[in-house]
Amino acid sequence: MDFKTALTELYLRDPTGTLPNALWKTLAMLDGMETLLDVRGGEVIHLEAKRGRGIYVYWDSNGVPPDIEGLDFVLLHERLARALDLEEFYVERYFRLVHRGETLEAPSLPAGFAFREVDVPAEAREVAEFINLCYEDIHVGSGEVKSWTAGPAFDRSLWLWILDGEEPVALGIADFDRSIGEGSLEWIQVHPSYRGRGLGKALVFELLRRLKDAAFTTVSGQLDNRTNPEALYRRCGFEGNDVWLVLRRRE
Ligand SMILES: CC(C)(COP(=O)(O)OP(=O)(O)OC[C@H]1O[C@@H](n2cnc3c(N)ncnc32)[C@H](O)[C@@H]1OP(=O)(O)O)[C@@H](O)C(=O)NCCC(=O)NCCS
């Protein structure tokens, strides 16, 4: 069994417990990484992908944590970090949830609002500006937005505006990786003055409706987010208790 096959097998069994992001994103960055794989009797025991002073994939069937001494960057499931001393690292915590296709409500928009597909790449600048307006600590450029349309899981029908008349007031972007049937919600945001009116919920249900052929859909987000997106996703039927840590060594 090779590394990619082993990782895919684990991921399909437990997507949110195996990786902090959609599988295709990790598979796309494995080339050039040092990979370690231990399989015994057909069962994956240990899996690890490293580059330089960073660990990007780490999975161990016995719950043995990695040796983080000398590392600058680690992506790690919270259950594997319990025994580690993280004092020398900045720690960001992310929830990661999965939707299995049940609990699908019909998306409902207030009167005067409508969905419209984003015209990418022509509207890349509008997409970047809208995202930057919705977060305090995120800045993306239109070049970066265009690069998202080049990924293997890009699907034009999963880039959606909600318009109030002509005005974009919410934006949702999802991916669909047909090779394993994984949908993933990538960007969900509502204009600050339109929050709390059900637009986020309508956007998520509409994207899930468009992802009806997906075997499952994943989402993640920072736990330390005042707008509490986790509550929105759980309200829309996402489930799970996996938390992922991004560790960056302090200067
Ligand atoms: C998170 C966000 C998309 C929610 O959008 P919204 O339009 O305000 O959400 P809705 O009005 O559709 O809320 C839907 C449900 O989510 C829950 N919810 C939404 N915001 C919540 C909050 N701040 N606290 C608790 N619950 C919340 C409610 O239970 C609500 O369900 P209900 O209608 O049955 O009461 C919006 O606050 C936002 O754009 N935040 C900034 C960008 C961001 O962080 N995006 C998520 C990245 S992972």
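Residues numbered from 1 in each chain as written. Predicted model: local features only at pLDDT ≥ 70, side-chain atom pairs only at ≥ 80, totals over all residues. Heavy atoms only, no water.

1. Structural notes on the UniProt feature "domain: N-acetyltransferase" (unreviewed entry) in the chain
- Within the UniProt annotation, "domain: N-acetyltransferase" (unreviewed entry) is assigned to residues 113-251.
- Across residues 113-251, helical content stands at 27% and strand content at 35%; the span's end C-alpha atoms are separated by 48 Å. (UniProt positions renumbered as here; feature names shortened; annotations may be inferred. Helix = DSSP H or I, 4+ residues; strand = E, 2+ residues; numbered from the N terminus.)

2. Focus on the pairing of strand β4 (residues 73-77)
- Of all five residues that make up β4, five are buried, and the element is covered over most of its length.
- Here β4 shows a buried face lined by Phe-73, Leu-75 and His-77 and a second buried face lined by Val-74 and Leu-76.
- Across two bridges, strand β3 (residues 54-60) lies against β4 in parallel orientation. Across the sheet, Gly-54 pairs through a bridge with Phe-73, a residue of β4.
- The pairing of β4 with strand β11 (residues 239-249) spans five bridges and is classified as antiparallel. If you follow Leu-76 over to β11, its bridge partner there is Leu-245. (Buried < 20%, exposed > 50% of the residue type's maximum accessible area, 1.4 Å probe, protein only. Pairing = 2+ DSSP bridges.)

3. A look at unusual backbone geometry
- In this model, Val-120 is joined to Pro-121 through a cis peptide bond whose omega is 5 degrees.
- For Pro-121, the position within the fold is in the loop between β6 (113-117) and α5 (124-134).

4. Remarks on the site of the ligand
- Close to the ligand lie 22 residues, the nearest being Ile-188, Gly-196, Lys-201, Asn-225 and Arg-235.
- With respect to the ligand, the backbone of Val-190 contributes an N or O atom lying 2.8 Å from an oxygen atom.
- Coverage of the ligand by the protein amounts to 74% of the 920 Å² it exposes when considered alone.
- Secondary-structure elements contributing two or more residues to the shell around the ligand are β9 (182-190), α7 (199-210), β10 (216-222) and α8 (229-235). (Near = heavy atom within 4 Å. Polar contact = N/O pair within 3.5 Å; in protein donor to acceptor, adjacent residues only side chain to side chain. Areas by Shrake-Rupley, 256 points an atom, 1.4 Å probe, with all protein chains shown as cover.)

5. Points about α7
- Across its twelve residues, α7 extends 16 Å between first and last C-alpha, which sits within 8% of the 16 Å expected from 1.5 Å per residue.
- Most of α7 is tucked away, with nine of its twelve residues classed as buried.
- For α7, the set of buried residues is Leu-199, Gly-200, Ala-202, Leu-203, Val-204, Phe-205, Glu-206, Leu-207 and Leu-208. (Expected span 1.5 Å × (residues − 1).)

6. Topic: α5
- Considered for burial, the residues of α5 that qualify are Ala-124, Val-127, Ala-128, Phe-130, Ile-131, Asn-132 and Cys-134.
- Looking at the buried side of α5, the elements it contacts are α6 (142-148), β7 (159-164), β8 (167-177) and β9. (Contact = heavy atoms within 4.5 Å.)

7. Focus on the side chain of His-46
- Tracing the backbone through its elements, the reader meets His-46 in strand β2 (residues 43-51).
- Polar side-chain contacts of His-46 include one of 2.6 Å to the side chain of Glu-48.
- Those residues in contact with His-46 that sit more than four places away from it in its chain are Leu-36, Leu-37, Asp-38, Tyr-58, Trp-59 and Asp-60.

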